[in-house]
Amino acid sequence: MSTTADTVEKKGYDVEEIRAQFPILKERVHGKPLVYFDNAATSQKPRRVIKAESTYYATINANVHRGVHTLSTKATEAQEAARETIRTHINAKHAHEVIFTSGTTASLNLAAFSLGQLLLKKGDEVLISGMEHHSNIVPWQLACERHGAVLKVIPVTDEGELEPRRRDDATEYFTERTKVLALTHVSNTLGTINPVKELIAEAKKRGGVTVVDGAQAIAHLDIDVQDLGCDLYAFSGHKAYGPTGTGVLYGREELLNEMPPWQGGGEMIDTVTFEKTTYAKLPFKFEAGTPHIAGIIGLGEAIRWMEDYDKQAMAAHEHLLLEHATKELLTIDGMRIIGTAKEKVGVISFVIEGVHHYDLGTLLDQQGIAVRTGHHCTQPLMERFGVSGTTRTSFACFNTVEEVNSMVAATRKAVKMLR
Ligand code: C6P
């Protein structure tokens, strides 16, 4: 993808028009204009999403799939419209393959619990990678402990890619005992875009079930679950301009039908007696309890909002910011960027000699600049790179080159103060 300022201009990317839709960008922090570079933690929300959620509370508020009254019917219709929006956005075959959860963490816990029950026996293997978020490590560890299975890890190179000698020939990772491949699509710490399609194909050849953590992909890449060929795909609404407390687990119909439920309660049942319970059909089998209806409606609106834009142009803009910020940050003495993969989204993790990331984050905040510091819920990855934490900037469609320049200048100033 070409990423010069010129090509972005030619595509008519109007960042100011986009910025105008995010009310929070008018806020000031410590008297300075807010520069929000913590989008990988949670993205900001356009006015349309905030309005969709508040309109639901102001004019519809009722429980879904439970009443015959008008408000309940309207709430059900609005929630199911969001499900259909998401279905088309990720190109799932059926709307009932889209399960609403509270976020990626819940989606992955559902996947690990249920697949563990369905598939894992003593000595079986679950394959993950060295760049997984704790949410795609711990649920599998718990499942392995429950069923006597073994967690295996694909190593990460110095550049922050999956071990290259196995990129073309992934066979070494898989054994006849590999039952599940669970892989992040995009690393939240490194920004690396993993070749998930090839690894999924490899796992499939050996009969493994494939799970993708799409938390960091959904706002930046076109997701086509049928093209990827994955069995399960998890993401959060709040990283894709939608509300917190919302998420999705996409699942292939045949597999979801085989998987046992994760949580029990209202809405996920067909019949209940004290002797035996039978379960509702998809997707409700996996949606126990009252969902975050307002949030789901907001998430549908967030996806529709993104679809109103050319995602390629958004990606090109973010890539421009990535290239510019990388180049400028590298001019700072003692700078080490962790994560230099060829295929990256707009995430830069870095450490600076003699500067603690926490101190830098605090000084940047005083300049109105929000970045994330710490281990980013990827402690094994920190250990792999021999650091306790990093400073991370992560870009969204509304960020600008001027904001990058402010961040670099503020970092340079902070380094002088801290050394
Ligand atoms: N990463 C970050 O700052 P939840 O919290 O359930 O919405 O998402 C969990 C999660 C799972 N996988 C990946 C790749 C993620 O990046 C995240 C969330 C945030 O990087 C918060 S730790």
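First, a word on scope: everything that follows refers to the structure included in this document. Numbering of residues begins from 1 in every chain and follows the order in which that chain's sequence is written. Under the rules for a predicted model, residues below a pLDDT of 70 receive no local features and side-chain atom pairs below 80 are neither given nor counted, while totals for whole chains, interfaces and linings still include all residues. With hydrogens and water set aside, each side-chain value is computed from the structure's full complement of heavy atoms.

The subject of this paragraph is the packing of helix H5 (residues 104–119) against helix H6 (residues 138–147). As a packed pair, H5 and H6 sit with axes 9 Å apart at the nearest point and diverge in direction by 20 degrees. The pairing of H5 with H6 is recorded here as roughly parallel in orientation. Between H5 and H6 lies a crossing whose hand is right-handed. Side by side, H5 and H6 meet where Leu-108, Asn-109, Ala-111, Ala-112, Phe-113, Leu-115, Gly-116 and Gln-117 of the first sit next to Pro-139, Trp-140, Ala-143, Arg-146 and His-147 of the second. We call Asp, Glu, Lys and Arg charged. Ala, Val, Leu, Ile, Met, Phe, Trp, Tyr, Cys and Pro are nonpolar, and the rest, Gly among them, are polar. Residues that form the contact of H5 with H6 fall into these classes: 8 nonpolar, 4 polar and 1 charged. Fitted lines through C-alpha atoms give the axes, limited to the stretch in contact for helices. The angle between two N-to-C directions lies from 0 to 180 degrees. Helix numbers and strand numbers start at the N terminus; a helix is a DSSP run of H or I with at least 4 residues, a strand a run of E with at least 2. An angle below 35 degrees is read as roughly parallel, one above 145 as roughly antiparallel, one from 65 to 115 as roughly perpendicular, and any other as oblique. A crossing counts as left-handed when the near helix is turned anticlockwise from the far one by less than a right angle, and as right-handed when that turn is clockwise. When checking whether two residues touch, look at their non-hydrogen atoms; a contact exists if any pair is within 4.5 Å.

Around the ligand, a shell composed of 17 residues is seen, among which Thr-105, Asp-213, Ser-236, His-238 and Arg-372 lie nearest. Any pair of nitrogen or oxygen atoms within 3.5 Å is treated as a polar contact; in protein, a donor-acceptor pairing is required on top of that, and neighbouring residues in sequence qualify only through side-chain atoms on both sides. Note that an oxygen atom of the ligand is positioned 2.8 Å from one of the side-chain N or O atoms of Asn-188. At a separation of 3.0 Å, a nitrogen atom of the ligand approaches a polar side-chain atom of Lys-239. In this description, accessible areas are obtained by the Shrake-Rupley approach with a 1.4 Å probe, and a residue is regarded as covered only by the protein chains that are shown. In the complex, 87% of the free accessible area of the ligand, which totals 510 Å², lies under the protein chains. The residue inventory of the shell around the ligand, partitioned by class, reads 4 nonpolar, 9 polar and 4 charged. Put simply, a residue is near a molecule or strand once any heavy atom of it comes within 4 Å of that molecule or strand.

Any two rings among Phe, Tyr and Trp, with Trp reduced to its six-membered ring, count as a pair given centres within 6.5 Å; such a pair is stacked if its planes are under 30 degrees apart, edge-to-face if over 60, and tilted if neither. Within this structure, the stated rule accounts for 7 aromatic pairs. Look at Phe-22 and Trp-305: their rings are 5.4 Å apart centre to centre, the planes differ by 85 degrees, and that puts the pair in the edge-to-face class. Here Phe-22 is found in the loop between helix H2 (15–19) and strand E1 (28–29), whereas its partner Trp-305 is found in helix H10 (residues 293–307), with 283 residues between them in sequence. Here Trp-305 and Tyr-309 contribute two aromatic rings whose centre-to-centre distance is 5.1 Å and whose plane-to-plane angle is 55 degrees, an arrangement assigned as tilted. Burial here depends on accessible area, computed with a 1.4 Å probe over protein chains only, as a share of the maximum for the residue type. Under 20% is buried, over 50% is exposed, and the range in between is partly exposed. Its relative accessible area of 21% is what places Tyr-309 among the partly exposed residues.

This next bit is on the sheet that holds strand E9 (residues 232–236). In spatial order, the strands read E4-E10-E9-E8-E7-E5-E6; together these 7 strands make up an open sheet with mixed pairing. Looking at which strands have only one partner, the edges of the open sheet turn out to be strand E4 (98–101) and strand E6 (150–154). Ignoring which end each strand starts from, the neighbouring axes of this sheet average 20 degrees apart. The pairing criterion for strands is at least two bridges between them, as found by DSSP. The sheet contact formed by strand E5 (residues 125–129) and strand E7 (residues 178–184) spans 3 bridges and is parallel. Counted as the bridge partner of Leu-127 is Leu-181 from E7. Relative to E7, helix H7 (residues 196–205) is tilted by about 175 degrees, and along the sheet it contacts E7 and strand E8 (209–213).

The buried count for E8 comes to 5 of 5 residues, which makes it a mostly enclosed element. Here E8 shows a buried face lined by Val-209, Val-211 and Asp-213 and a second buried face lined by Thr-210 and Val-212. Here 5 bridges tie E7 to E8, and the two strands are oriented parallel to one another. Opposite Leu-181, over in E8, you have Thr-210 as the bridge partner. Assignment of crossover handedness uses the view with strands pointing away from the viewer, where a clockwise path from the first strand over the helix to the second indicates a right-handed crossover. Each parallel crossover has a hand, and the one from E7 via H7 to E8 is right-handed. Where E8 meets E9, 3 bridges bridge the pair, whose relative direction is parallel. If you follow Asp-213 over to E9, its bridge partner there is Ala-234.

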